[in-house]
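So you can see what is in the structure, the chains are spelled out below.
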Amino acid sequence: MMQAMIFAAGLGTRLKPLTDTMPKALVRVGGEPLIKRVIMNLAAAGVDRIVVNVHHFAEQIIDYLKDNDNFGLDIRISDETAGLLETGGGIKKAAPLFDPAAPILIHNVDILSNVNLSEFYQIASRSEESEGGSEKRRVKSEESNCCGAVDAVLLVSWRKTKRYLLFNDDMKLVGWTNIETGEVRSPYPDLDPKKCRMYAFAGIHALSPRLLKMMDEFPDRFGIIDFYLKACATHNIKGYVKDDLKLMDIGKLDTLAQAEEFLKELEVTN
């Protein structure tokens, strides 16, 4: 099976005043709610089970999914109405809702992209196959040197920002840096960011269910990047670079206005 999680619990404060009366997940782009677009993309990639975390106007999302018969999929709700748990805590709370034998594709509800989600998911799936004794398969992609068994794979890209994930020449995660403040976070002492490959995280990632046990060491609320920065010392956390990446984060009203043109561009390239 293929399974995924959609992060839909955020407050969507940058989309006010729209999110004063609805969750970000139900904000419409090109006539359809954001969550429907993500669900349809996941379904087209072959995803069978989707976990959706909810907090802000949670009942509206739950009712929307019910009204649409969960789009014919196994959709499960991870309820965070008692308090937001951030990205890492959200996955930790949702852990019992996942199949323990399949990788989990994580997708923010407010992201539109041209990523081949099926191909992306297969990178993490190879890890599970190698656990079963199949060593003959290696992931090969024209868009990435990410290969071999992995515990998690993060979609990254080159874009101008203040904060970058740091990778070695094999695209294994080794740290994080803020180039404005000079702060470096890494399990490896004296890591020199100048000797690393620097990429920005793009909000889509997949992880092996084996990593869920490691989350028991973390509090109920934590960020997933904090988790990956610890896990990379003992696990194979890889970066996936898509050179022709087209991605839009529908986080602000101005990007919402640009989104319809972006969707048309995706339709042309696809």
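Residues numbered from 1 in each chain as written. Predicted model: local features only at pLDDT ≥ 70, side-chain atom pairs only at ≥ 80, totals over all residues. Heavy atoms only, no water.

Caption draft 1: Spotlight on the nonpolar core. In this structure, Ile6, Ile35, Leu42, Ile50, Val52, Leu105 and Phe120 are the most contacted members of the largest nonpolar core, which totals 51 residues. If we skip the residues at most four places from it in the chain, Ile35 touches Ile6, Ala25, Leu26, Val52, Ile61, Tyr64 and Val109. One finds Leu154, Phe167, Phe222 and Val241 within the second-largest nonpolar core, a separate group that totals 33 residues. (Core = buried A, V, L, I, M, F, W, Y, C linked by side-chain atoms within 4.5 Å. Buried < 20%, exposed > 50% of the residue type's maximum accessible area, 1.4 Å probe, protein only. Contact = heavy atoms within 4.5 Å.)

Caption draft 2: Representation of helix H2 (residues 58-67). Those residues of H2 that fall on the buried side of the exposure criterion are Ala58, Ile61, Ile62, Tyr64 and Leu65. In a view along the axis of H2, the buried residues occupy a sector of 160°, so they form one face of it. Set apart from the buried face of H2 by more than 90 degrees, the exposed residues are Glu59, Lys66 and Asp67. Considering only its buried residues, H2 is in contact with strand S3 (32-33), helix H1 (34-44), strand S4 (49-54) and strand S5 (74-79). Phi turns positive, to about 50°, at Asp69, one or two residues after H2. (Helix = DSSP H or I, 4+ residues; strand = E, 2+ residues; numbered from the N terminus. Arc of directions from axis to C-beta.)

Caption draft 3: Molecular detail of the packing of aromatic side chains. Counted by the stated rule, this structure contains eight aromatic pairs. When the ring of Tyr64 is compared with that of Phe71, the centres are 5.9 Å apart and the planes differ by 50°; the resulting orientation is tilted. Of the residues examined, Tyr64 reaches a relative accessible area of 15% and is grouped as buried. Counting every residue linked through ring pairs, the aromatic cluster contains Phe218, Phe222, Phe227 and Tyr228. The side chain of Arg185 reaches across the aromatic face of Trp176, ending 5.3 Å from its centre. (Phe/Tyr/Trp six-rings, centres within 6.5 Å; stacked < 30°, edge-to-face > 60°. Lys NZ or Arg CZ within 6 Å of the ring centre and 35° of its normal.)

Caption draft 4: Inspection of the pattern of salt bridges at higher detail. Enumeration according to the criterion identifies 15 salt bridges in this entry. One salt bridge in this structure joins Lys24 and Asp110, with 2.9 Å as the shortest N-O distance. Linking Lys24 in the loop between strand S1 (3-7) and strand S2 (28-29) with Asp110 in the loop between strand S6 (104-108) and strand S7 (111-113), this pair joins segments that are 86 residues apart in sequence. The burial state of Lys24 is the same as that of Asp110; both residues are buried. Here Lys264 makes a salt bridge to Glu261, at a shortest N to O gap of 3.5 Å. Here Lys264 and its partner Glu261 are both found in helix H6 (residues 253-269), three residues apart, which amounts to about one turn of the helix. The partly exposed category is assigned to Lys264, whose relative accessible area is 46%. Within this structure, Arg49, Asp74 and Arg76 form a network of salt bridges that share partners. (Salt bridge = Lys/Arg side-chain N within 4 Å of Asp/Glu carboxyl O.)

Honestly, that's just the spatial picture; any functional story needs more than this.
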